[in-house]
Amino acid sequence: TLRDMNLSKLISEDVPLFLSLIGDLFPGLQAAKATFPEIEAAMRKAASENNLQYDKAPEWAGKCVQLLETYYVRHGIGVVGPTGAGKTTMTDTLATGLSAVDVKHVLL
């Protein structure tokens, strides 16, 4: 949980340092990454319907999953980044994927 909830807040240059710190705090512990196969499949389908190549953009797809994890544990979420980075597309893809497997979701 410590890893999953904090990685999305870090810039890419800080990720290796953070993972090293986690490794030093919990030596020998190898935590499995959380997976959401049903929702990820729905997000993959939603991306395909919008002519996006979900599987060919693993960093972006990973950010979609990080947003999902954050959505599950936070009351409010802010998505920030440069123009054209895919923030709106990411939130729309996640909302469509969640709506396909659950009740209708709208992320504003």
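Residues numbered from 1 in each chain as written. Predicted model: local features only at pLDDT ≥ 70, side-chain atom pairs only at ≥ 80, totals over all residues. Heavy atoms only, no water.

Focus: helix H5 (residues 87–101)
Our working rule: Helix and strand definitions follow DSSP, with helices as H or I runs of at least four residues and strands as E runs of at least two, each counted in order from the N terminus. By this rule the span expected of a helix is its residue count minus one, scaled by 1.5 Å. In this description, contact between two residues means that some pair of their heavy atoms is separated by no more than 4.5 Å.
The end-to-end C-alpha separation of H5 is 22 Å, in line with the 21 Å expected for 15 residues at 1.5 Å each. Looking at the buried positions of H5, the neighbouring elements they touch are helix H3 (37–49) and helix H4 (58–73).

Here's the deal with unusual backbone geometry
The cut-off we apply is this: For every residue, the accessible area (1.4 Å probe, protein chains only) is compared with the maximum for its type, and the residue is labelled buried under 20%, exposed over 50%, or partly exposed between those bounds.
Of note in the backbone geometry, Asn-51 takes a positive phi value of approximately 60° without being a glycine. One can find Asn-51 in the loop between H3 and H4. Owing to a relative accessible area of 71%, Asn-51 belongs among the exposed residues under this scheme.

Details of the packing of H3 against H4
Each pair of packed helices can be summarised by the angle the axes make with each other and by the distance between the axes. The line we're drawing: Under this scheme, a helix contributes an axis fitted over its contacting stretch, all axes are lines through C-alpha atoms, and angles between N-to-C directions fall in the 0 to 180 degree range. An angle counts as roughly parallel when it lies under 35 degrees, as roughly antiparallel when it exceeds 145, as roughly perpendicular when it falls between 65 and 115, and as oblique in every other case. Note: crossing handedness is left-handed where the near helix turns anticlockwise from the far helix by less than a right angle, and right-handed where it turns clockwise. The nonpolar class holds Ala, Val, Leu, Ile, Met, Phe, Trp, Tyr, Cys and Pro. Asp, Glu, Lys and Arg form the charged class, and all remaining residues, Gly among them, are polar.
Orientation of H3 relative to H4, taken along the N-to-C sense of each, is 130°, at an axis distance of 11 Å. With respect to H4, the axis of H3 lies oblique. As for the relative orientation of H3 and H4, their crossing is right-handed in sense. Together, Ile-39, Glu-40 and Met-43 of H3 and Cys-64, Val-65, Leu-68 and Tyr-72 of H4 make up the contact between the two elements. Looking at the contact of H3 with H4, its residues break down into six nonpolar, no polar and one charged.

As for the environment of Met-43
Turning to its location among the elements, Met-43 is positioned in helix H3. A C-alpha to C-alpha distance of 9.3 Å links Met-43 and Met-90, two positions 47 residues apart in sequence. Apart from residues lying up to four places away in sequence, Met-43 is in contact with Tyr-54, Cys-64, Val-65, Thr-93, Leu-94 and Gly-97.

Some details on the layout of surface pockets
Where we set the bar: The distinction between a cavity and a pocket rests on a 1 Å grid over the protein atoms alone: a 1.4 Å probe fits inside a cavity but cannot get out, while a pocket stays open yet meets protein on both sides within 12 Å along at least five of seven lines, and a residue with an atom within 4 Å of a point counts as lining. Grid points are joined across faces, edges and corners, and a volume is the space filled by probe spheres set on the points.
Computed from the structure, the largest pocket encloses a volume of approximately 670 Å³. Every residue lining the largest pocket is counted, 26 residues in all, and those nearest its centre are Ser-8, Lys-63, Gln-66, Val-80 and Met-90. Breaking the lining of the largest pocket down by element, the ones donating at least two residues are H4 and H5. In terms of residue count, H4 provides more of the lining of the largest pocket than any other element does, seven residues in total. Here the lining of the largest pocket is built from residues that sort into twelve nonpolar, nine polar and five charged. Estimates place the volume of the second largest pocket at around 230 Å³. If you trace the second largest pocket, you find ten residues lining it, with Arg-3, Ile-22, Phe-26, Leu-29 and Ala-31 closest to the centre. If you list the elements that add at least two residues to the lining of the second largest pocket, you get helix H1 (2–7) and helix H2 (15–25).

These results come straight from atomic positions and should not be treated as a statement about function.
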